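Now for the letters of each chain:
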Amino acid sequence: MKKGSPASVYQMKRVPVVLTAIASATLLAPAPSTAAAQAPPGQDRFAPDAFLDPAARNLYTIAYDQWDAAGANVLRYTARIDQRIAAGLRTPLRDRVFYHSESSVRSFWQRDRRSVIQVLGSRSEYPGRNIAIREAEESGILYWLQEFPFEEPFAPGSDQLFMGADRDAAPFQPSEDEFWLAHPLGQGADTLYQFQSSDTTTVTLPDGRQLVTVRLDVLPREIDPRRISGSLWIEPSSGALVRGLYRLSRPVNMLRDIPEAREEGADNNPFMPGFLKPITFEMKLIVVDYSLWDFKAWLPRAMHLEGEMAVGIFKMPVRTDAKYTIESVALQDETGAEVEEELAFGDPLTEVHFDTRAEAMAFIAQLLSEDGGAGYAPISPDSVGSRRSRWIAPRDRSLIENSPDLPPPIWEYEPGLPSDEEIEGYVRHLSELPIPPLLESQWNFDWGWSGRDMLRYNRVEALAVGGGLERSLQGRYRLSASGYFGVADLRPKARLDIERSTVRRRLKLGAYHELRPTEAESGYLTLGNSLDAFFFGRDNGEYYYATGADLTWRPPAIATQSFQARLYAERQSSAETNTNFALFRAFNRKWDFRPNVAAQEVDEAGAELRLSPWWGNDPVGARFGIELFGRGAVWRVPGAEGSEGYGQGSATVRAVVPVRGEGWRQVRLGIEAAGGHTWGEAPVQRSWFLGAGGTLRGYPASSLSGLSFLRGRVELARTYEFVGASLFGDAGWAGPVGGFDADEILYGVGVGASLLDGLVRLDLSQGLKGPKKDFRVELYLDHIL
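Note that the structure is a prediction, hence the values are computed from the model and not measured.

**Q** Which parts of the structure should I look at to understand the overall build of the protein?
**A** Looking only at helices and strands, the protein features nine helices and 34 strands. By the burial criterion, 52% of the 785 residues in the protein qualify as buried. Taking as baseline every contact in the protein between residues at least 6 positions apart, the subset at least 24 positions apart corresponds to 63%. For the protein, the accessible area works out to roughly 35200 Å², and carbon and sulfur atoms hold 57% of it.

This is how it looks when you write it as structure tokens:
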């Protein structure tokens, strides 16, 4: 008998005995069966305008009547189920994966009985996991089971679109007290959706055989977070779902769309700061695939989900998928009698009977142990929480985390699951569906503390208070207006935008008069720099006034912001330092904010392009990113004859590489190198500025400036759970084009501490050269380590 990993159990001839033993083990604990929904009789049972063509009516009627029948002939089945999950945080620099999990089980499912789950492997990574493991072990808790994402296997005959739900259950029924979802094949769905038939498609199943399916587009009658938008590929003779692809027609606003939160007035809570609002969940896509097993039974094949939870400025993308590999199926006739046992190994069944479930579970564990080479034991029902299934796992827990049966992380391709190219195709398909009408819309107004970035502090405006209006329009358009007033410059600012957003891109046309930093993506007008300026007098930005119009093209809000293209025409003018107040320097009469850059007054028109892709998602693996920026513009001084033109380009390369070797575990090397150049004559406000945490540590902001620059930094960091410590060195030069001098390079060194892979960073740095060298303590966000 061959010995090996837990997965090899089902290469053995004891499979029939195991299946029969499971039937006996679960006999004492019947589970509720899924009853088929009875559709109302008659030809006119649906709304007359629900179908946009006759074929859609026929296809929908068959699917409606037979929806719960697909798979109902399955008496029991065995499947290996692989599941993967990843969740993280999206920041301007890069996406961080803070949690990922991979698991593999073998499920023995039988109708009206509890399932039995054989654990093949499970692995999770997240900050603080080692601490959680120690605490669980001290409490006698199975830590790996707490982390285990798998709940229950798919029950044939239950809902296919939502993977096992009941379309007539409470979550799909209209309610004033609970959030509900409108199932497109539920009672009354014809009044909430319209349906349109489309192409006939031939689907090739994994075994090479083919099925003909017809696409049925599900079109909500209005934009509503309770309604999906997508397509169903249905086998027309049986009404079974072959593929479902859909998303919510708009994001769920957790403070407005959830009845309980709405009744409590959570959206108007005066104590909730604007940078934590809104709280939304957006479903980018869900795709579910089914196969006709041996052309006799419909069973799941794969599922993939992508979405994003947003809490104000914090974006948390989530991805999960699952793959079913069916190993055996037993069918039943209309009376419920078994008619056929389809086994991959073809051995006859051997009946074994037991007096108690515990006795049967122990027998199954013994069989698995003999055939798999790993000692298996039943898990106490008290340890599996709310799961109804019975669980069996290796006694040696190290086999669970190191199992060769584990699938790769979700960012790596796994055969049988959608590839990145296929997912992009799904997104493209969803973007091409008709846009549902918007029947209700209201103005949303926020200001000051309750608005995002509506309070700011800098040396030009001092305290500036803002307010914003926003309203959704037809065709995925959104109209927004915002304004600020600074108490020091006494100059109102305003911006008016209209934006069209789809699942693939955002286009925004705007007109504005505003205060703008020389580095638009720097965040100098957001909360972090405002606090630094107000408390410590450290305003790291350089500012000018801009009045004009622009057109911006970038990815949708739910996607990584890997590119941005902008066309603009504007008048730029200088902004002076108008305040000398910082809280911790209030009694220092000799102190003042440093001067702002003396921007030239010019009329400028041009185009900008920024590309910032990242490669690598493994939190402890190698990662690489590059940021490319280009600008081309013409400008002139108002009232003067003639114009000037210039072009600018910069490149930043970032890399994080794990250091391998004895004693170097969790040590990483971070490298960042950047350079920029200007061709032609450009206004002084188009200079690059080096200094402070983002560019050159150990020196104040704007210690160096010029139309050309070079800089680099290197860092060695060690991670301890969710915190890290590092040693670093920076070097930089900036000056006129063609004026590079190695003797003018400035250097700085220091030590740093980080939280959550550089999300929050604290640096102690010392400049080593020049009159502006300084010892600095800086706290900022979004660093590479």
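**Q** Explanation requested: the packing of aromatic side chains in the structure shown.
**A** For any pair of aromatic rings, the description consists of the separation of the ring centres together with the inter-plane angle of the planes. Applying the stated rule across the entire model yields 23 aromatic pairs. Relative to Phe 535, the ring of Phe 534 has its centre 5.1 Å away and its plane inclined at 80 degrees; by these criteria the two rings are edge-to-face. Given the relative accessible area of 28%, Phe 535 is considered partly exposed. Taken together, a centroid distance of 5.1 Å and an interplanar angle of 80 degrees make the contact between Trp 733 and Phe 740 edge-to-face. Relative accessible area serves as the criterion here: at 45%, Phe 740 is assigned to the partly exposed category. In this structure an aromatic cluster arises from ring pairing among Phe 46, Phe 51, Tyr 60, Tyr 64, Tyr 193 and Phe 195. Across from the ring centre of Tyr 512, 4.8 Å away, lies the NZ or CZ of Arg 516, which sits over that ring.

**Q** For this particular structure, what's the right way to read a negative patch on the surface?
**A** A surface patch of like charges, here negative, comprises Glu 176, Asp 177, Glu 178, Glu 260, Glu 263 and Glu 264. Turning to its location among the elements, Asp 177 is positioned in the loop between α4 (143-147) and β4 (193-204). Judged by relative accessible area, which is 54%, Asp 177 ranks as exposed.

**Q** Is there a simple way to think about the pattern of salt bridges in this case?
**A** Side chains that carry opposite charge are capable of pairing whenever their charged atoms lie near each other. Inspection of the entire model under this criterion finds 59 salt bridges. Its salt-bridge partner being Lys 493, residue Asp 489 comes within 2.7 Å of it at the nearest N-O pair. The same class applies to Asp 489 as to Lys 493, namely buried. Put simply, Arg 495, Asp 497, Glu 514, Arg 516, Asp 550, Arg 566, Glu 570, Glu 604, Glu 608, Arg 631 and Arg 686 are held in one network by salt bridges that share partners.

**Q** Got a minute to help me understand the confidence of the model for the protein in this structure?
**A** Low pLDDT marks stretches whose predicted atomic positions should not be read closely. Of all residues in the protein, 86% have pLDDT values of 70 or greater, and the mean over the chain is 84. Considering only residues more than four positions removed or in separate chains, one finds that residues 1-42, a stretch of pLDDT under 50, has 121 contacts. Low pLDDT, under 50, characterises residues 343-349; the predicted model gives this stretch 15 contacts beyond four residues in sequence or across chains.

**Q** What should I look at first to understand the side chain of Thr 518 in this one?
**A** Relative to the helices and strands, Thr 518 resides in the loop between β20 (506-517) and α9 (527-536). Beyond its immediate sequence surroundings of up to four residues, Thr 518 is in contact with Glu 542, Tyr 544, Gln 685 and Phe 689.

**Q** What am I meant to see in the layout of surface pockets here?
**A** Here the idea is plain: a probe the size of a water molecule rolls over the atoms and shows the empty space left. Taken as a whole, the second largest pocket spans an internal volume of roughly 1300 Å³. Elements with a contribution of two residues or more to the lining of the second largest pocket: β1 (74-90), β2 (95-110), β10 (297-311), β11 (314-332), α8 (420-432) and β24 (614-615). Of the residues contributing to the lining of the second largest pocket, the split by class is 18 nonpolar, seven polar and twelve charged.

**Q** What exactly am I supposed to notice about empty space enclosed by the protein here?
**A** Enumeration according to the criterion identifies four cavities of 30 Å³ or more in this entry. Considering the residues around the largest cavity, the lining is formed by Thr 518, Glu 519, Tyr 524, Asn 540, Gly 541, Glu 542, Phe 689, Gly 691, Thr 695, Ala 701 and Ser 702. Across the lining of the largest cavity, the residue classes tally to three nonpolar, six polar and two charged. Within this model, the second largest cavity holds a volume of roughly 40 Å³. As for the second largest cavity, its lining consists of Arg 94, Asp 95, Arg 96, Val 97, Gly 616, Asn 617, Pro 619, Arg 623 and Asp 757. The element that contributes the greatest number of residues to the lining of the second largest cavity is β2, accounting for three residues.

**Q** So what exactly am I meant to see when it comes to the environment of Thr 78 here?
**A** Assignment of secondary structure puts Thr 78 in strand β1. Linking Thr 78 and Glu 327, residues 249 residues apart in sequence, is a C-alpha distance of 5.4 Å.

**Q** How should I be thinking about the side chain of Asp 497 in this particular structure?
**A** Relative to the helices and strands, Asp 497 resides in strand β19 (residues 492-501). Within the structure, the side chain of Asp 497 is placed 2.9 Å from the side chain of Arg 495, a separation counted as a polar contact. Once residues within four sequence positions are removed from consideration, Asp 497 is found in contact with Arg 478, Leu 479, Ser 480, Lys 508, Leu 509, Gly 510 and Ala 511.

**Q** How should α8 be read in this particular structure?
**A** Two residues of an α-helix separated by three or four positions point the same way, owing to the 3.6 residues in each turn. Between its terminal C-alpha atoms α8 stretches 19 Å, which fits the 18 Å expected from 13 residues at 1.5 Å a residue. All buried positions along α8 are accounted for by Ile 423, Tyr 426, Val 427, His 429 and Leu 430. Each buried residue of α8 lies within a common arc of 160 degrees when the element is viewed along its axis, so the set occupies one face. Residues Glu 421 and Glu 432 are exposed on α8 and point more than 90 degrees away from its buried face. Here the buried face of α8 lies against β5 (210-220), β6 (228-235), β7 (240-248), β9 (279-293), β10 and β11.

**Q** Honestly, the pairing of strand β21 (residues 543-554) in this entry has me stumped. Any pointers?
**A** Remember that side chains alternate between the two faces of the sheet whenever the strand is regular. Of the pairings in the sheet, the one linking β20 to β21 comprises twelve bridges and is antiparallel in character. Counterpart to Leu 515 in the pairing with β21 is Tyr 545. Relative to strand β22 (residues 563-574), β21 is paired through ten bridges, and the arrangement is antiparallel. By the bridge assignment for β22, Tyr 544 is matched with Ser 574.

**Q** I'm lost on the nonpolar core in this one. Help?
**A** Nonpolar side chains in soluble globular proteins tend to end up buried together. Core analysis: the biggest nonpolar cluster contains 68 residues, and Tyr 60, Tyr 77 and Val 329 have the highest contact counts within it. Of all hydrophobic cores here, the second largest spans eleven residues; its members include Tyr 512, Tyr 568, Ala 633 and Leu 707.

**Q** In this structure, what is going on with unusual backbone geometry? I would like to understand it.
**A** One can expect most non-glycine residues to show negative phi and most peptide bonds to be in trans. Note the cis peptide between Lys 277 and Pro 278, where omega equals -5 degrees. Although it is not a glycine, Ser 702 sits at a positive phi angle of roughly 60 degrees. On the secondary structure map, Ser 702 appears in the loop between β28 (688-690) and β29 (704-706).

**Q** Would you mind showing me how to read the pairing of β10 here?
**A** Most of β10 sits out of view: twelve of its 15 residues are buried. The pairing of β9 with β10 spans 14 bridges and is classified as antiparallel. Counterpart to Met 283 in the pairing with β10 is Gly 307. If you look at the hairpin formed by β9 and β10, you'll find three residues sitting between the two strands, and Asp 294 has a positive phi there, around 55 degrees. Where β10 lies against β11, ten bridges are found, and the strand directions are antiparallel. What sits directly across from Glu 306, in β11, is Arg 319.

**Q** For this particular structure, what's the right way to read the environment of Ser 482?
**A** Along the chain, Ser 482 falls in strand β18 (residues 477-486). Given the relative accessible area of 27%, Ser 482 is considered partly exposed. Distance in space between the C-alpha atoms of Ser 482 and Glu 470 is 8.6 Å, their sequence separation being twelve residues. When neighbours within four sequence positions are excluded, Ser 482 is seen to be in contact with Met 454, Gly 467, Gly 468, Lys 493, Ala 494 and Arg 495.

About the cut-offs
- Residues numbered from 1 in each chain as written.
- Predicted model: local features only at pLDDT ≥ 70, side-chain atom pairs only at ≥ 80, totals over all residues.
- Heavy atoms only, no water.
- Helix = DSSP H or I, 4+ residues; strand = E, 2+ residues; numbered from the N terminus.
- Buried < 20%, exposed > 50% of the residue type's maximum accessible area, 1.4 Å probe, protein only.
- Contact = heavy atoms within 4.5 Å.
- Areas by Shrake-Rupley, 256 points an atom, 1.4 Å probe, with all protein chains shown as cover.
- Phe/Tyr/Trp six-rings, centres within 6.5 Å; stacked < 30°, edge-to-face > 60°.
- Lys NZ or Arg CZ within 6 Å of the ring centre and 35° of its normal.
- Patch = residues over 30% accessible without salt bridge, like charges linked within 9 Å, V, L, I, M, F, W, Y side chains within 5 Å.
- Salt bridge = Lys/Arg side-chain N within 4 Å of Asp/Glu carboxyl O.
- Lys, Arg positive; Asp, Glu negative; His and termini not counted.
- Charge placed at Lys NZ, Arg CZ, Asp CG, Glu CD.
- pLDDT = per-residue confidence, 0-100.
- 1 Å grid on protein atoms, 1.4 Å probe; cavity = no way out; pocket = protein on both sides within 12 Å on 5 of 7 lines; lining within 4 Å.
- Points joined across faces, edges and corners; volume = space filled by probe spheres on them.
- Nonpolar A, V, L, I, M, F, W, Y, C, P; charged D, E, K, R; others polar.
- Polar contact = N/O pair within 3.5 Å; in protein donor to acceptor, adjacent residues only side chain to side chain.
- Expected span 1.5 Å × (residues − 1).
- Arc of directions from axis to C-beta.
- Pairing = 2+ DSSP bridges.
- Core = buried A, V, L, I, M, F, W, Y, C linked by side-chain atoms within 4.5 Å.

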